[in-house]
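# Report on the structure
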Amino acid sequence: MRVTNDSTIRSWFTGSGTNISLQYLERRIITEWLPFSGFEYGNALDIIHYMQANLNNAENEYWLSIQPKKEE
């Protein structure tokens with residue numbers, strides 16, 4: 001987890017594979033990790049950083065904006 005200079009908390013995940021693999025990674029983060037993490041979506045944009053943008057063998061980082069879950 002990282003706190004950026006604008007006080008946004010982001011959790012980052014790395015992935016590799018095709019562009020479809022990135023979509024699968026994002027879906028798994030949102031449906032499997034986020035609900036049980038103690039966090040919810042933050043109030044900032046998500047970031048996708050392509051370290052290698054090869055369509056068949058991409059390497060990327062997905063930075064998800066998060067904030068602590070509010071007590072209900």
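Above this text is the structure in question.
Here we summarise the structure given alongside this text.

### Remarks on the nonpolar core
Grouped together as the largest cluster of nonpolar side chains are nine residues: Phe-13, Leu-22, Leu-25, Ile-29, Leu-34, Phe-39, Tyr-62, Leu-64 and Ile-66. Contributing elements (two or more residues each) for this core: helix H1 (19-33) and strand E5 (58-68). Beyond its immediate sequence surroundings of up to four residues, Leu-34 is in contact with Ile-29, Phe-39, Glu-40, Tyr-41, Leu-64 and Ile-66.

### Section: the pattern of salt bridges
Overall, the coordinates contain one salt bridge when judged by the stated rule. Between Arg-28 and Glu-32 there is a salt bridge; the shortest N-O distance is 3.2 Å. Here Glu-32 and Arg-28 lie together in helix H1, a separation of four residues that amounts to about one turn. Given the relative accessible area of 39%, Arg-28 is considered partly exposed.

### Points about the packing of aromatic side chains
This structure, assessed with the given rule, holds two aromatic pairs. Ring geometry for Trp-12 versus Trp-63: centroids 6.3 Å apart, planes at 40 degrees, classification tilted. Separated by 51 residues along the polypeptide, Trp-12 in strand E2 (residues 9-17) and Trp-63 in strand E5 bring together distant segments of the chain. Exposure remark for Trp-12: the relative accessible area of 30% places this residue in the partly exposed category. A relative accessible area of 15% means that Trp-63 is categorised as buried. Taking 5.3 Å as the distance between ring centres and 75 degrees as the angle between the ring planes, the aromatic pair formed by Phe-13 and Trp-33 counts as edge-to-face. Here Phe-13 is found in strand E2, whereas its partner Trp-33 is found in helix H1, with 20 residues between them in sequence. Take Phe-13: its relative accessible area is 17%, and that puts it in the buried class. Residue Trp-33 is classed as partly exposed on the basis of its relative accessible area, which comes to 26%.

Rules and cut-offs
Residues numbered from 1 in each chain as written. Predicted model: local features only at pLDDT ≥ 70, side-chain atom pairs only at ≥ 80, totals over all residues. Heavy atoms only, no water. Core = buried A, V, L, I, M, F, W, Y, C linked by side-chain atoms within 4.5 Å. Buried < 20%, exposed > 50% of the residue type's maximum accessible area, 1.4 Å probe, protein only. Helix = DSSP H or I, 4+ residues; strand = E, 2+ residues; numbered from the N terminus. Contact = heavy atoms within 4.5 Å. Salt bridge = Lys/Arg side-chain N within 4 Å of Asp/Glu carboxyl O. Phe/Tyr/Trp six-rings, centres within 6.5 Å; stacked < 30°, edge-to-face > 60°.

So far we have only geometry, and geometry alone does not tell us how the molecule works.
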